[in-house]
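# Examining the three-dimensional arrangement
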Amino acid sequence: MNNYFNLLRGVCLGVIEIVDGIYYVGVDDKKTKFFESIWPIPEGISYNAYLIIDDKVALIEGGVKQDFSREFLKKLESIIDLDELDYIVVNHMEPDHTGTLPLLYKMAKRAKIIISKMGKKMLKSFYGIENEERIITVRDFEELSLGKRKLKFIMTPGVHWPETMMTYEERSKILFSSDAFGTYGSLDGSLFDSEVDLEVSLERAKRYFVNIVGMYAIQAKNALNKLSKFEIRMIAPSHGPIWKEHIKLILDLYTKLTNKEEEDKVLIVYGSMYGFTEEAVEVMARLLKENGIKTVVHNATYIHPSYSLSEAWDSKIIIFAFPTYDAGPFIPVYTTAYYIIRKNIMNKKFAIFGSYGWSGKGYMELIRMLEAKKWKLIEPIVEFNGGIRKDNLEKIKELVEKIIKEVKA
Ligand code: FEO
C-alpha cells in the first residue's frame, strides 16, 4: 500500500495551502445521496481535513469518510511521508471524519491521536484503537506546541456529539471548528467563502445546522459564547468553505439559529391525493401573500422533510394541510411533522385544514404529537367534505385572519 502511494508523492491533487504551512487535504463527496442516510445532499458534501507542517506535523480531523481513503491518503502523501506525521487531532468521532482513521493509524506508525476523554472511549468502541502510548487525551483549553505554532483545544460538547472539540491555532488564529459553521455542498474547487455564492452557502449552512446540530442548539449557543473570547481570522470547518472574508455572516447566522429567532414567516406543509386540499392551499397561500405575509409552501410528498425542517426552524407558524387518510393524518405530512419535532422544535403555533372523503378528523393523531411538544393550535380547524365550497372559504378566511394576527403580534 505504502509503495503505491509513494509513487504519487509530489503530485499535488487538490491540496491547497491555506496559510503558510497549513494545507487543506479534504475531499469532495459527490456520490452519497443521503448524509447520515437521512438527509438528501444533491449538492454533495465535503469532508475537510487540514495538515499543519511545523517542527511537528499535525493532521486536524481524524480524516475523512472511509469510502474516500484512496483520495485522502493520496493527498497526504503528496505533502509528507506518513512516518513524518506526529499527531492526528480527532475533533469529532463521527465516521464522516474518522472513517479513514484505522487505516491512517496503521500506516502513520509514529502518529499519536489527540482526542477528548469521551472521544477516547469511542475510539475503542468504534475502531478497537486503545494503545495508551499512542493516545493523548486533552482537557478544555489545553495546549500543544508544534514548534512555531500552538494548538489550543476547546471542548464543545453537543456540537455535534458529546465528545466533540474544536482546535484553535494561535499564530494564524484559525479555528478548526469541526461540524460547526459547516455547510452541505461539495467544494468543487471553491475553498474560501469569497469564492462561493454566499446566499447559497448560508442556506446550505442553515439546513446543515438544523438537520445535524439543531437538536443541540443550546450546546451550540454555549459554544458560541465560549468562542467569543477568541480572536478568529479564519474558521475552517469540517464541511464546506473556509470562512475568511465573511466570518461575521456565518457567526450572525449561528447566533440567529441558536437563539431560535423567528421571522414573520408562515410555512405550509401539505399533502393532497387528488387536488381537493391543494386547491384550498392555493387559496390560503394567496390570502396570506395578499396580506404581505412571507409564506413558504411545501408539498410533503415531494419535498424531503430535511428542507421543511429548515424552514420550520425560523417560521412563526406552521400550517399543516392534508386529507384524512385511513382514518389518520396523511402520512407524508405526519412524517414531516415528526422530523420537525424530533429536532426539539418546541412551542410553535400551528393550524390545520384539509379535506375528507367520508369521515374526517384524521388530524387528531397529529395534534396529539404536536401538543406533546407544547405547540399551540390556532383555531378553527377547517375541514371540508370533498372540495372546498363557499362556506369553507369563509372559514379559511377566518383562519387566515387569526394567523395574520399571530404573525404580526
Ligand atoms: Fe460531520 Fe457530526 O460529523
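Residues numbered from 1 in each chain as written. Predicted model: local features only at pLDDT ≥ 70, side-chain atom pairs only at ≥ 80, totals over all residues.

## Focus on the overall build of the chain
The helix and strand tally for the chain stands at 13 helices and 22 strands. If you line up the chain on its principal axes, its C-alpha atoms span 80 × 40 × 35 Å. Residues classed as buried in the chain amount to 46% of the 409 residues present. A separation threshold of at least 6 residues defines the contact pool for the chain, and within that pool the share at least 24 residues apart is 74%. (Helix = DSSP H or I, 4+ residues; strand = E, 2+ residues; numbered from the N terminus. Buried ≥ 20, exposed ≤ 12 C-beta atoms within 10 Å, placed from the backbone. Contact = placed C-beta atoms within 7 Å.)

## Quick word on the environment of Leu288
Along the chain, Leu288 falls in helix H9 (residues 276-290). You can call Leu288 buried: it has 21 C-beta atoms within 10 Å. A C-alpha to C-alpha distance of 8.6 Å links Leu288 and Val266, two positions 22 residues apart in sequence. Ignoring any residue separated from it by four or fewer positions in sequence, one finds Leu288 in contact with Val266, Ile293, Thr295, Val400 and Ile403.

## Focus: the sheet that holds strand E14 (residues 165-169)
Ordered by their spatial adjacency, five strands build an open sheet running E12-E13-E14-E15-E16, and the pairing between neighbours is mixed. Looking along the sheet, the strands with just one partner apiece sit at the ends: strand E12 (143-145) and strand E16 (234-237). Going across the sheet, the axis of each strand differs from the next one's by a mean of 20 degrees, ignoring polarity. (Pairing = 2+ DSSP bridges. Axes fitted to C-alpha atoms, helices over the stretch in contact; angles between N-to-C directions.)

## Remarks on the nonpolar core
Grouped together as the largest cluster of nonpolar side chains are 118 residues, with contacts concentrated most on Tyr50, Ile88, Ile268, Ile319 and Phe320. With six residues, helix H6 (residues 198-213) is the largest single contributor of residues to this core. If we ignore the near neighbours within four places in the chain, the residues touching Ile268 are Val281, Met284, Ala285, Thr295, Val297, His298, Ile319 and Ala321. (Core = buried A, V, L, I, M, F, W, Y, C linked by C-beta atoms within 7 Å.)

## Details of the packing of H9 against helix H13 (residues 390-408)
Following both chains from N to C, one finds H9 and H13 inclined at 40 degrees, their axes separated by 10 Å at the closest point. When the interaxial angle is binned, H9 and H13 end up oblique. Taken as a pair, H9 and H13 cross one another with a handedness that is right-handed. Facing H9, whose interface residues are Ala280, Val283, Met284, Leu287 and Leu288, H13 presents Leu393, Ile396, Lys397, Val400 and Ile403. In the contact of H9 with H13, the residues fall into nine nonpolar, no polar and one charged. (Parallel < 35°, antiparallel > 145°, perpendicular 65-115°, else oblique. Left-handed = near helix turned anticlockwise from the far one by under 90°. Nonpolar A, V, L, I, M, F, W, Y, C, P; charged D, E, K, R; others polar.)

## Remarks on unusual backbone geometry
The linkage connecting Glu379 with the following residue, Pro380, adopts the cis geometry, with an omega of 10 degrees. Along the chain, the position of Pro380 falls in the loop between strand E21 (376-377) and strand E22 (382-385). In this structure, Asn344 is a non-glycine residue whose phi angle is positive, near 65 degrees. Positionally, Asn344 belongs in the loop between helix H11 (331-342) and strand E20 (349-356). Judged by local crowding, Asn344 falls into the partly exposed class, with 13 C-beta atoms found within 10 Å. In this structure, Lys374 is a non-glycine residue whose phi angle is positive, near 65 degrees. Looking at the secondary structure, you find Lys374 in the loop between helix H12 (364-371) and E21. By the C-beta count within 10 Å, which is 9 here, Lys374 ends up exposed.

## Quick look at the environment of Phe276
By the element assignment, Phe276 lies in helix H9. Remark: the alpha-carbon pair of Phe276 and Tyr356, spanning 80 residues in sequence, is separated by 8.9 Å. Apart from residues lying up to four places away in sequence, Phe276 is in contact with Pro323, Ser355, Gly386 and Gly387.

## Regarding the packing of helix H7 (residues 217-227) against helix H8 (residues 247-258)
Each pair of packed helices can be described by the angle between their axes along with the distance between the axes. Axis separation between H7 and H8 bottoms out at 9 Å; the angle between their running directions is 140 degrees. Classified by the angle their axes make, H7 and H8 are oblique. Considering how the two elements wind past one another, H7 and H8 form a crossing that is left-handed. Residues Ala217, Ala220, Lys221 and Leu224 of H7 form the contact with H8, whose own contacting residues are Tyr254, Thr255, Leu257 and Thr258. Here the contact of H7 with H8 is built from residues that sort into five nonpolar, two polar and one charged.

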